[in-house]
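Spelled out from the first residue to the last, the chains are:
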Amino acid sequence: MALVEVFAGEDMDRPLFVADFAFLPRSGDGLSRDTEGYFRYYNVLEVWHRQVGANNSFIACLRVEQVD
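Residues numbered from 1 in each chain as written. Predicted model: local features only at pLDDT ≥ 70, side-chain atom pairs only at ≥ 80, totals over all residues. Heavy atoms only, no water.

A. View of the sheet that holds strand β4 (residues 38–52). Read across the open sheet, the five strands follow the order β2-β1-β5-β4-β3; overall the sheet is mixed. Each edge of the open sheet is held by one strand with a lone partner, namely β2 (17–21) and β3 (30–35). For this sheet, the mean angle separating the axes of adjacent strands, direction not counted, is 45°. (Pairing = 2+ DSSP bridges. Helix = DSSP H or I, 4+ residues; strand = E, 2+ residues; numbered from the N terminus. Axes fitted to C-alpha atoms, helices over the stretch in contact; angles between N-to-C directions.)

The following block contains the structure:
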């Protein structure tokens, strides 16, 4: 499983959430997330990987927009 940081809007300082994905979503994919008994829907806008520490480890990151 891949650990993925998910960001929304212009706030790139803190992830909206971090989750394990069975696969890495691509730009254009949709996500649905159960939040306190109802679903929130997101469109994936951008995918990238950022380096964590000095040991050449990378973490996947997504930028999403919420769909109403």
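Anyway, onward from the coordinates.
B. Examining the pairing of strand β5 (residues 57–67) more closely. Relative to β5, strand β1 (residues 2–8) runs parallel, the two sharing five bridges. In the strand pairing of β5, Ala8 is matched with Val64. Pairing of β4 with β5 involves eleven bridges; the strand directions are antiparallel. Paired with Val52 across the bridge in β5 is Ser57. Two successive antiparallel strands, β4 and β5, enclose a turn made up of four residues, where Gly53 displays a positive phi of approximately 75°.

C. Layout of the pattern of salt bridges. Applying the stated rule across the entire model yields two salt bridges. Here Glu5 makes a salt bridge to Arg50, at a shortest N to O gap of 2.8 Å. Taken together, the residues Glu5 in strand β1 and Arg50 in strand β4 connect sequence positions 45 residues apart. Residues Arg63 and Glu46 are paired through a salt bridge, measuring 3.0 Å at the closest nitrogen-oxygen approach. Residue Arg63 is found in strand β5, and its partner Glu46 is found in strand β4; the two are separated by 17 residues along the sequence. Classification of Arg63 as partly exposed rests on a relative accessible area of 23%. (Salt bridge = Lys/Arg side-chain N within 4 Å of Asp/Glu carboxyl O. Buried < 20%, exposed > 50% of the residue type's maximum accessible area, 1.4 Å probe, protein only.)

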